[in-house]
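Examining the three-dimensional arrangement
Here is how the chains run, residue by residue.
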Amino acid sequence: MSADFGLIGLAVMGQNLIMNVADHGFNAVVYNRTTSKVDEFLAGEAKGKSIEGAHSIKEFVDKLRRPRKLIILVKAGKPVDYIINDLLPLLDKGDIIIDGGNSHFPDTNRRCEELKEKGIHFVGSGVSGGEDGARWGPSLMPGGDEAAWPAIKSIFQSVAAKSDGEPCCDWVGPAGAGHFVKMVHNGIEYGDMQLICEVYDILKRVGKFEDKEIGEIFGKWNKGVLDSFLIEITTDILKKNDKDGVPLVEKILDTAGQKGTGKWSAVNALDLGQPVTLIGEAVFSRCLSAIKPERTRASKILPGPEIPDGAIKDKQQFIDDLEQALYASKIISYAQGFMLIREAGKEYGWKLNNPAIALMWRGGCIIRSAFLGEITNAYRQDPNLENLLFHGFFTQAVTKAQAGWRRVLGTATTYGVPTPALATALAFYDGYRSARLPANLLQAQRDYFGAHTFQVLPECANADFPAGQDIHFNWTGHGGNISASSYQA
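Quantities reported herein were computed from a predicted structural model and do not represent experimental measurements. (Residues numbered from 1 in each chain as written. Predicted model: local features only at pLDDT ≥ 70, side-chain atom pairs only at ≥ 80, totals over all residues. Heavy atoms only, no water.)

Further remarks concern the UniProt feature "binding site: substrate" (unreviewed entry) in the protein. UniProt's feature table lists "binding site: substrate" (unreviewed entry) at Asn102, Ser128, Gly129, Gly130, His185, Asn186, Tyr190, Lys259, Arg286, Arg446 and His452, given in the numbering used throughout. An extended arrangement is adopted by the annotated residues: their sequence extent is 351 residues, and the largest C-alpha distance between any two is 48.6 Å. Put simply, the named residues that line the largest pocket are Tyr190 and Arg286. Among the structural elements, His185 can be located in helix α8 (residues 177–205). Taking the relative accessible area as the measure of exposure, His185 reaches 0% and is therefore buried. Not counting residues up to four positions away in its chain, the partners in contact with His185 are Ser128, Met141, Trp361, Cys365, Ile366 and Ile367. Positionally, His452 belongs in the loop between α19 (439–450) and β10 (471–473). (UniProt positions renumbered as here; feature names shortened; annotations may be inferred. 1 Å grid on protein atoms, 1.4 Å probe; cavity = no way out; pocket = protein on both sides within 12 Å on 5 of 7 lines; lining within 4 Å. Helix = DSSP H or I, 4+ residues; strand = E, 2+ residues; numbered from the N terminus. Buried < 20%, exposed > 50% of the residue type's maximum accessible area, 1.4 Å probe, protein only. Contact = heavy atoms within 4.5 Å.)

For the pair helix α14 (residues 315–348) and helix α18 (residues 420–432), the least separation of the axes is 9 Å and the interaxial angle reads 65°. Crossing geometry of α14 relative to α18 is assigned as left-handed. Here Ala325, Leu326, Ser329, Ile332, Gln336 and Met339 of α14 lie close against α18, whose contacting residues are Leu422, Ala425, Phe428 and Tyr429. In terms of residue class, the contact of α14 with α18 is built from eight nonpolar, two polar and no charged. (Axes fitted to C-alpha atoms, helices over the stretch in contact; angles between N-to-C directions. Left-handed = near helix turned anticlockwise from the far one by under 90°. Nonpolar A, V, L, I, M, F, W, Y, C, P; charged D, E, K, R; others polar.)

Inspection of the secondary structure assignment puts Val456 in the loop between α19 and β10. For the pair Val456 and Ala467, spaced 11 residues apart in sequence, the C-alpha separation works out to 6.2 Å. Here Val456 is in contact with Ala461, Phe465, Pro466 and Ile471, once residues within four sequence places are set aside.

The next subject is the environment of Gly364. Relative to the elements of secondary structure, Gly364 occurs in the loop between α15 (354–360) and α16 (372–381). Sequence separation of Gly364 and Asp132 is 232 residues, and the distance between their C-alpha atoms is 8.7 Å.

Glancing now at helix α11 (residues 261–272). Here α11 spans 16 Å end to end across 12 residues, near enough to the 16 Å set by a 1.5 Å rise per residue. Buried residues in α11 make contact with α5 (105–117), α8, α12 (277–290) and α14. (Expected span 1.5 Å × (residues − 1).)

This paragraph deals with the packing of aromatic side chains. Within this structure, the stated rule accounts for 23 aromatic pairs. Between Phe180 and Trp350, the aromatic rings sit 5.7 Å apart at their centres with planes inclined by 75°, giving edge-to-face as the arrangement. Of this pair, Phe180 sits in helix α8 while Trp350 sits in the loop between α14 and α15, and the two are 170 residues apart along the sequence. The exposure classification of Phe180 matches that of Trp350, with both residues buried. Taking 6.2 Å as the distance between ring centres and 55° as the angle between the ring planes, the aromatic pair formed by Phe454 and Trp475 counts as tilted. Of this pair, Phe454 sits in the loop between α19 and β10 while Trp475 sits in the loop between β10 and β11 (481–483), placing them 21 residues apart in sequence. Phe454 gets classed as buried once you look at its relative accessible area, which sits at 15%. One aromatic cluster is present, built from ring pairs that chain together Tyr327, Tyr334, Phe371, Phe393 and Phe394. The ring centre of Trp136 lies 4.2 Å from the NZ or CZ of Arg135, which sits over that ring. The ring of Tyr190 has Arg286 sitting right over it, with the charged end atom 3.7 Å from the ring centre. (Phe/Tyr/Trp six-rings, centres within 6.5 Å; stacked < 30°, edge-to-face > 60°. Lys NZ or Arg CZ within 6 Å of the ring centre and 35° of its normal.)

Further remarks concern the nonpolar core. Of all hydrophobic cores here, the largest spans 87 residues; its most connected members are Leu203, Phe218, Trp221, Trp361, Ile375 and Leu388. In terms of residue count, α14 provides more of this core than any other element does, 16 residues in total. Excluding its chain neighbours within four sequence positions, the residues that come into contact with Trp221 are Val199, Leu203, Leu226, Asp227, Ile319, Leu322, Glu323 and Leu326. Formed by 32 residues, the second largest nonpolar core is a distinct cluster that contains Ala28, Ala46, Val159 and Ala160. (Core = buried A, V, L, I, M, F, W, Y, C linked by side-chain atoms within 4.5 Å.)

Below you can see the structure in the form of structure tokens.
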């Protein structure tokens, strides 16, 4: 058999993805460094599929039809480079290597350039949806050497999830754009999960709801504006009891892990000067959860308000307010994510496909939700939309949510329940809609202690303070201002 497509890396994601490929009529070949895994896979899950195995890299390459198309699904970092180095002596110009792992986009940039010099097309593709998505339809976010896209398009779009009949896969952009978009996807995922957890915490601590009741509330929300994969699985989690009848979630240690993609998003936002505050708070919340022993000691030392029984008089209003607060905060999270994607396009010279990115996230991935259809529509109507919040649908949604959103945060603050993600979403909204912020005072402080200069408002310009010029003022003396265009802020 001459294989249409190859896979290196037979962990569960790899196994499920290649079976998905075979189910769509493509012949495949697989290889794994531990070759016993190849035999076990072919004798088990892959039995009867159009998949054959290889016990060496050379055998694997020899079984691929030219131009060879293969995907690497291994741990990000050095393992990807090791496999590429093993492959290079065996490949021909025009062959295609795809990295489907969670690689950091600068690594993908580097690999694209290095392999292009050798005549090999390199693609860095985000793959989202977990094990189940890989098997039955993931969200795929390919980017890199665009010359590879015509050769892999039919395979990728066949195996991808479908939303309203459209594949949740399209070309994202050059170099590391595919992995960049996956990184932002994961950052938004961090934010979504933290928002849901905060709402759960408020329902439990202030509303005094039991886990099963909270699960039922989430179940109802999943039939409305919050319809999404994460709300759906939260409903299932909260209804699952252990054998003794105690909700299983209550037995889980309250420390959250992370693999780095959320942190990458937050760091990149700082590098690009974008206020992606919600992802940042979600990452910091995981860090705070990780210092469990210290938090336990603090709980016995640091006082806070008591939450009396009956703190909430109108429980239905309370539930409705939480639904709107969660919905509005999710919109802010996606708006911030697309701000970061927009700025990356400018900074790295990438022409990014915003409507396609939104469509890719509508199905198959962890952050899939109903309102992503509205994001897709917004970018199809205006591919250069400056901010999602400027689109009528989202303007109206956050306007409607505001009263409940503010009541929720007031209640949480009153009773000492931490809401870093919900609160930063509203703080961003209020800051973003402010024509004037107190940064004028901040810049004056910077000029006072460090001669960092400032500029004056155009309407306040005069001979002493000319418009558009960097000015340093003598704050402690009587000498007036000093024109200081040479000063660096």
